[in-house]
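Spelled out from the first residue to the last, the chains are:
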Amino acid sequence: MNPTDYERWYATERGRWIGETEYALAARLLAAQPGDSLLDVGCGTGWFTRRAATDDLRVTGLDPNFAWLNYARVHSKSQLSWVQGDAQRLPFADASFDHVLSIAALCFVDDERQAVAECVRVARCRFALGWLNRDSLLYRQKGRDGGSGAYHGARWHSAVELRALFAGLPVRKLRLSSAIFLPSAQAWARGLEQVAPSVLPWGGLLLATGEAI
Ligand SMILES: C[S@@+](CC[C@H](N)C(=O)[O-])C[C@H]1O[C@@H](n2cnc3c(N)ncnc32)[C@H](O)[C@@H]1O
């Protein structure tokens, strides 16, 4: 998929709703303060990076895909930083960022466990790492038989598998939350999303949050 088509999806009603809902969950759990630094790992076209910048965070987006990163750079204000790199070998010192965010990117990385360890290593305070949930309606809609559209080639995980990725890492308060229970932008689905507790593990996004020690 080219970056223009991918970003165009965020301009649709469904795309904007999914993006805003996922961001709201991550932002609530990160509890970042204006001026904090945040690294967005696997930022793609930079939708979440730019969204975090609107909350007055000092953001850096990282992605290995030059075309997508260049799209992000061209479509953002100059104070945002963009770095070409791999989640498995983040080109930053330990505890370089107050917070680390990643949405639907680590599921494309060869060694997810190594990428998780790297995200934890460069986080000074909190991380929010989001995966696609195999136990969700979104998986039934978009994930089966190799996945469709931007989901093509992604690994879809269960909550148990995600917890295992963090085993032995220097983290505390590890918590799994989820969002996008009914993957539809219709009013009734949005209404249900607002009352569904994020502790229910059946949303399309499974978000692992915690603190780096
Ligand atoms: C579905 S896109 C998600 C982009 C963005 N986070 C979003 O939610 O809009 C998946 C992203 O993961 C990135 N990715 C794939 N392998 C990666 C790696 N080894 N390290 C970091 N990012 C990677 C891809 O280049 C792509 O931009």
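Bear in mind that the values here come from a model prediction, so they are computed numbers and not experimental data. (Residues numbered from 1 in each chain as written. Predicted model: local features only at pLDDT ≥ 70, side-chain atom pairs only at ≥ 80, totals over all residues. Heavy atoms only, no water.)

Caption draft 1: Geometry of the overall build of the chain. On a plain count of helices and strands, the chain comes out with eight helices and eight strands. Taken over the C-alpha trace, the chain has a radius of gyration of 16 Å; the compact-globule value for 213 residues is 17 Å, and the two agree within 12%. Among the 213 residues that make up the chain, the fraction classed as buried is 53%. A separation of at least 24 residues holds for 68% of the contacts in the chain among residues at least 6 apart in sequence. (Helix = DSSP H or I, 4+ residues; strand = E, 2+ residues; numbered from the N terminus. Rg over C-alpha atoms; globule rule 2.2 N^0.38 Å. Buried < 20%, exposed > 50% of the residue type's maximum accessible area, 1.4 Å probe, protein only. Contact = heavy atoms within 4.5 Å.)

Caption draft 2: Main features of unusual backbone geometry. Phi at Asp 56 takes a positive value of approximately 65 degrees, unusual for a residue other than glycine. Relative to the helices and strands, Asp 56 resides in the loop between helix H3 (47-53) and strand E2 (58-63).

Caption draft 3: Structural detail: the site of the ligand. Near the ligand, the surroundings consist of 18 residues, among which Tyr 6, Tyr 10, Gly 42, Asp 63 and Ile 103 are the closest. In the model, an oxygen atom of the ligand is placed 2.6 Å from a nitrogen or oxygen of the Tyr 10 side chain. Asp 86 has a polar side-chain atom sitting 2.9 Å from a nitrogen atom of the ligand. When the ligand sits alone it has 600 Å² of accessible area, and the protein chains cover 89% of it. Taking a 2 Å distance to the grid points as the criterion, the majority of the atoms of the ligand fall inside the largest pocket. For the shell around the ligand, the class distribution of residues is 12 nonpolar, four polar and two charged. (Near = heavy atom within 4 Å. Polar contact = N/O pair within 3.5 Å; in protein donor to acceptor, adjacent residues only side chain to side chain. Areas by Shrake-Rupley, 256 points an atom, 1.4 Å probe, with all protein chains shown as cover. 1 Å grid on protein atoms, 1.4 Å probe; cavity = no way out; pocket = protein on both sides within 12 Å on 5 of 7 lines; lining within 4 Å. Sits in = over half its atoms within 2 Å of the grid points. Nonpolar A, V, L, I, M, F, W, Y, C, P; charged D, E, K, R; others polar.)

Caption draft 4: Quick peek at the pairing of E2. Burial analysis of E2 places five of its six residues in the buried class, which makes it a mostly covered element. Sheet analysis places strand E1 (residues 37-41) next to E2, joined by five bridges and oriented parallel. Within E2, the position partnered with Asp 40 by the bridge is Gly 61. Where the polypeptide runs from E1 across H3 and back to E2, its parallel neighbour, the crossover connection is right-handed. Taken together, the four bridges between E2 and strand E3 (residues 81-84) define a ladder with parallel strand orientation. Residue pairing for E3: Thr 60 is matched across the bridge by Ser 81. (Pairing = 2+ DSSP bridges. Right-handed = clockwise from strand over helix to strand, strands pointing away.)

Caption draft 5: Just the nonpolar core, in detail. Ranked by size, the top nonpolar core spans 34 residues in total, and within it Leu 106 and Trp 131 carry the most contacts. Those elements giving two or more residues to this core turn out to be E1, strand E4 (97-103), helix H5 (112-122), strand E5 (123-133), helix H7 (159-165), strand E7 (171-179) and strand E8 (205-212). Dropping the residues within four chain positions of it, Trp 131 is found in contact with Leu 106, Cys 107, Glu 112, Val 116, His 157, Leu 162, Leu 165, Phe 166, Gly 204, Leu 205, Leu 206 and Ala 208. If you look at the next biggest cluster of nonpolar residues, it comprises 30 residues, including Leu 69, Leu 80, Ala 185 and Leu 207. (Core = buried A, V, L, I, M, F, W, Y, C linked by side-chain atoms within 4.5 Å.)

Caption draft 6: Layout of the layout of surface pockets. Looking at the largest pocket, its volume works out to about 950 Å³. If you trace the largest pocket, you find 43 residues lining it, with Tyr 6, Trp 68, Ala 104, Phe 108 and Ala 150 closest to the centre. If you list the elements that add at least two residues to the lining of the largest pocket, you get helix H1 (3-10), helix H2 (13-30), E1, H3, E2 and helix H6 (137-143). In terms of residue class, the lining of the largest pocket is made up of 25 nonpolar, 10 polar and eight charged. One number sums up the size of the second largest pocket: a volume of about 210 Å³. Forming the walls of the second largest pocket are Arg 50, Ala 53, Thr 54, Leu 57, Arg 58, Val 59, Ser 76, Lys 77, Gln 79 and Leu 80. (Points joined across faces, edges and corners; volume = space filled by probe spheres on them.)

Caption draft 7: Structural context of the side chain of Glu 118. In this structure, Glu 118 sits in helix H5. At a separation of 2.7 Å, a polar atom in the side chain of Glu 118 contacts the side chain of Arg 121. Those residues in contact with Glu 118 that lie beyond four places of it in its chain are Ala 87, Gln 88, Arg 89 and Leu 90.

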